Amino acid sequence: EPLRRPGSSSAGAGTAAAAAGPAEEASPPWTFKGAVSGAFRAYLSLYVTLEDKSITAGVRDLVAKETWAVAEDLAGGDKSTRVLASSAEVFLLIKRALKRCVPVSTGETLFDLHGVWRGALCSYAAALSARLPKLPQVATGWEPAQVHLSDDQLALVCTAVTTAEYCSTTTGELEESIRRSIDASLAPKVDLSAAQDAFQGVVTQAVKLLVADVETQLHAHLQSYTRHRWDALEDVAEESTQMNAILRALAKVCEFWGAHLLPIYVRFTCDKLVASFMPRFVAMVLRCRRIGEMGAQQLLLDLQALKSALHDLPQACGTASTSAYAKLVTAEVGKAENLLRLVLTPEDALQEHFAELSTGCPGADLAKVLELKGARKQDVSASMGSLLEDLKGGISTGASGASLTQGTQKFKKLLNIS
């Protein structure tokens, strides 16, 4: 005999059905599912609070016990597995909590818990960030942030990159798992992107440290460039001693990055290094007092060596390069090349070619170029008004030869050329 609601009888079933109105006939059939758990629904907030305390304490204990080094059995394995042990344990805690919750509730309670887990992951990301060395504020645009990382600190920073990447990826997988388990009406609201952003923030912080560490090493060699008498150079060598030192430092960097970073982050870090270092190279040229013809030729030769080294940087780290990276290197190095070509441009052609070669090169104003070519600063300042007028006339459409000649004569006078 089929199950009936408590209190019903077979004898009165027909009479009750006949007396029932259309509304009662349309009501959904009674089901046992949820009948017991529904009685506790109003009290499940206590369960959420308990789970919150448990996961918070669990993450805190894992962070306290973390050695902040990759386990020995993972150190020699695949780079993607070289993560901090606590990161895997954090997700294991959440997985167990999810497994406990699903039989109890797949509705609002699970949705509330997913917010708890999001907060726990953000707390773990904050702990990773706090463990990294601090990045000092940059004093000027010329000087990089002074960061001197020991080998142990470098290893920690690289491990933080890999760990944060693992956590970001696993957080995305966790989000999908929760969506599959939760009620369909709540699935679109499940969102762990704040935790993923927090882990990507750790990656960005770590990469900035790696770049700053390299730039700190290279800055001493850039300073050496500014102290050299480039106006007194009599011959051009294959590469200057300054550039040789820079190339050796980059080779050492490649060895470490290639051994500790995932390929995607080797490329990312190379991008950031090129975008940050090359403007400092331009700033170095602008800080030189005077650059003669041989000096400019030597610096251009150095730039070619640097361009080749930067172009090959990903491959030297054991990672395939990309066309986008090659374009970045060409564009950034090209700004320094154009500045030096302006220094080499004869006075007869300077007015004609200045606008073309100075485009995209911050700081390459006419006054500074003339100073690099040997003009006195006070003379340039006194003549800038008329020089700029001649320059505008010289580059405008249909400019007369007389305008170009007038500008050339002023350039020669500033440079003491008859």
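Residues numbered from 1 in each chain as written. Predicted model: local features only at pLDDT ≥ 70, side-chain atom pairs only at ≥ 80, totals over all residues. Heavy atoms only, no water.

Peer 1: Help me understand the overall build of the protein, please; the structure alone is not making it clear to me.
Peer 2: Across its full length, the protein carries 17 helices and 0 strands. Within the protein, contacts between residues separated by at least 24 positions form 77% of all contacts whose residues are at least 6 apart in sequence. Counting only carbon and sulfur atoms, one obtains 55% of the accessible surface of the protein, whose full area is about 21,900 Å². (Helix = DSSP H or I, 4+ residues; strand = E, 2+ residues; numbered from the N terminus. Contact = heavy atoms within 4.5 Å. Areas by Shrake-Rupley, 256 points an atom, 1.4 Å probe, with all protein chains shown as cover.)

Peer 1: Explain the packing of helix α5 (residues 85–101) against helix α7 (residues 151–181) here, please?
Peer 2: Working note: a packed helix pair is described by the angle between its axes plus the distance between those axes. Across the interface, α5 lies against α7 with an axial gap of 10 Å and an inter-helix angle of 10°. Between α5 and α7, the angle falls in the class roughly parallel. Note on element contacts: α7 touches α5 through Thr-163, Tyr-166, Cys-167, Thr-170, Thr-171, Leu-174 and Ser-177, opposite Ser-87, Ala-88, Phe-91, Ile-94 and Leu-98. Tallied by class, the residues present in the contact of α5 with α7 amount to 7 nonpolar, 5 polar and no charged. (Axes fitted to C-alpha atoms, helices over the stretch in contact; angles between N-to-C directions. Parallel < 35°, antiparallel > 145°, perpendicular 65-115°, else oblique. Nonpolar A, V, L, I, M, F, W, Y, C, P; charged D, E, K, R; others polar.)

Peer 1: Would you mind showing me how to read the pattern of salt bridges here?
Peer 2: In this structure the tally under the stated criterion is 7 salt bridges. Of the charged contacts in the structure, one is a salt bridge between Arg-179 and Glu-175, with a shortest N-O distance of 3.4 Å. Here Glu-175 and Arg-179 lie together in helix α7, a separation of 4 residues that amounts to about one turn. Between Lys-368 and Glu-371 there is a salt bridge, with its nearest N and O atoms 3.8 Å apart. Of the two residues, Lys-368 and Glu-371 both sit in helix α15 (residues 366–372), 3 residues apart, roughly one turn of that helix. (Salt bridge = Lys/Arg side-chain N within 4 Å of Asp/Glu carboxyl O.)

Peer 1: Teacher, can you tell me more about the nonpolar core here?
Peer 2: General note: in soluble globular proteins, nonpolar side chains tend to be found buried as a group. Counting residues in each nonpolar core, the largest one holds 106 residues, and the members touching the most others are Met-278, Phe-281, Ile-291, Leu-306 and Leu-310. When residues of this core are assigned to their parent elements, the largest contribution, 14 residues, is made by helix α8 (residues 193–227). Dropping the residues within four chain positions of it, Met-278 is found in contact with Leu-273, Leu-303, Leu-306, Leu-310, Glu-332, Val-333 and Ala-336. (Core = buried A, V, L, I, M, F, W, Y, C linked by side-chain atoms within 4.5 Å. Buried < 20%, exposed > 50% of the residue type's maximum accessible area, 1.4 Å probe, protein only.)

Peer 1: I would appreciate a short explanation of the confidence of the model for the protein in the present structure.
Peer 2: Keep in mind that low pLDDT regions are not for reading the predicted coordinates in detail. The share of residues in the protein with pLDDT of 70 or more is 76%, and the mean pLDDT across the chain is 84. Note on residues 16–20: pLDDT under 50 across the span, and 2 contacts to partners over four residues away in sequence or across chains. (pLDDT = per-residue confidence, 0-100.)

Peer 1: Where do I start with the packing of aromatic side chains in this structure?
Peer 2: Given two aromatic rings, one states the distance between the centres and the angle between the planes to describe the pair. All told, the structure shown has 5 aromatic pairs when counted by the stated rule. For the pair Phe-91 and Tyr-166, a centre-to-centre distance of 6.0 Å together with 80° between the ring planes defines the contact as edge-to-face. Residue Phe-91 is located in helix α5, and its partner Tyr-166 is located in helix α7; the two are separated by 75 residues in the primary sequence. Judged by its relative accessible area of 26%, Tyr-166 falls in the partly exposed class. A centroid spacing of 5.7 Å and a plane angle of 25° characterise the contact between Tyr-225 and Trp-230, whose relative ring orientation is stacked. Neither residue differs from the other here; Tyr-225 and Trp-230 are each classed as buried. (Phe/Tyr/Trp six-rings, centres within 6.5 Å; stacked < 30°, edge-to-face > 60°.)

Peer 1: Is there a simple way to think about the side chain of Thr-109 in this case?
Peer 2: Turning to its location among the elements, Thr-109 is positioned in helix α6 (residues 108–131). A relative accessible area of 8% places Thr-109 in the buried class.

Peer 1: What should I look at first to understand the packing of α6 against α7 in this one?
Peer 2: α7 packs onto α6 with a crossing angle of 175° between their chain directions and a minimal axis gap of 11 Å. It follows from the interaxial angle that α6 and α7 lie roughly antiparallel. Across the interface between the two elements, Leu-110, His-114, Trp-117, Leu-121, Tyr-124, Leu-128 and Arg-131 of α6 pack against Leu-156, Thr-163, Cys-167, Thr-171, Leu-174, Ile-178 and Ser-181 of α7. For the contact of α6 with α7, the residue count by class is 9 nonpolar, 4 polar and 1 charged.

Peer 1: Would you take a moment to explain the environment of Gln-297 for this structure?
Peer 2: In this fold, Gln-297 is placed in helix α11 (residues 293–311). On the basis of relative accessibility, which here comes to 33%, the residue Gln-297 falls in the partly exposed class.

Peer 1: Got a minute to help me understand helix α3 (residues 44–65) in this structure?
Peer 2: Since there are 3.6 residues in each turn of an α-helix, residues three or four apart along the chain are aligned in direction. Taking 1.5 Å of rise per residue, 22 residues should cover 32 Å, and α3 covers 32 Å from first to last C-alpha, within 8% of that figure. All of the buried residues along α3 are Leu-44, Tyr-47, Val-48, Glu-51, Ile-55, Gly-58, Val-59 and Leu-62. Angularly, the buried residues of α3 cover 95° about the axis, an arc narrow enough to put them on a single face. Summarising the geometry of α3, the exposed residues directed more than 90 degrees from the buried face are Leu-46, Leu-50, Lys-53, Arg-60 and Ala-64. Residues of α3 that are buried in the fold lie against α5 and α6. (Expected span 1.5 Å × (residues − 1). Arc of directions from axis to C-beta.)

Peer 1: Help me out: how do you make sense of the state of the cysteines in this one?
Peer 2: The full count for this structure, using the stated rule, is 0 disulfides. In this structure Cys-254 is a free cysteine whose sulfur lies 3.9 Å from that of Cys-317, the closest cysteine sulfur available. Cys-254 sits in the buried class, given a relative accessible area of 5%. Here Cys-270 stays free of any disulfide, with the sulfur of Cys-317 as its closest cysteine sulfur at 4.9 Å. (Disulfide = S-S within 2.5 Å.)

Peer 1: Looking at this structure, I do not really get unusual backbone geometry. What am I missing?
Peer 2: For residues besides glycine, phi is generally negative; the peptide bonds are generally trans as well. One non-glycine residue, Trp-68, lies in positive phi territory at about 60°. Accessibility expressed as a relative area gives 12% for Trp-68, which makes it buried.

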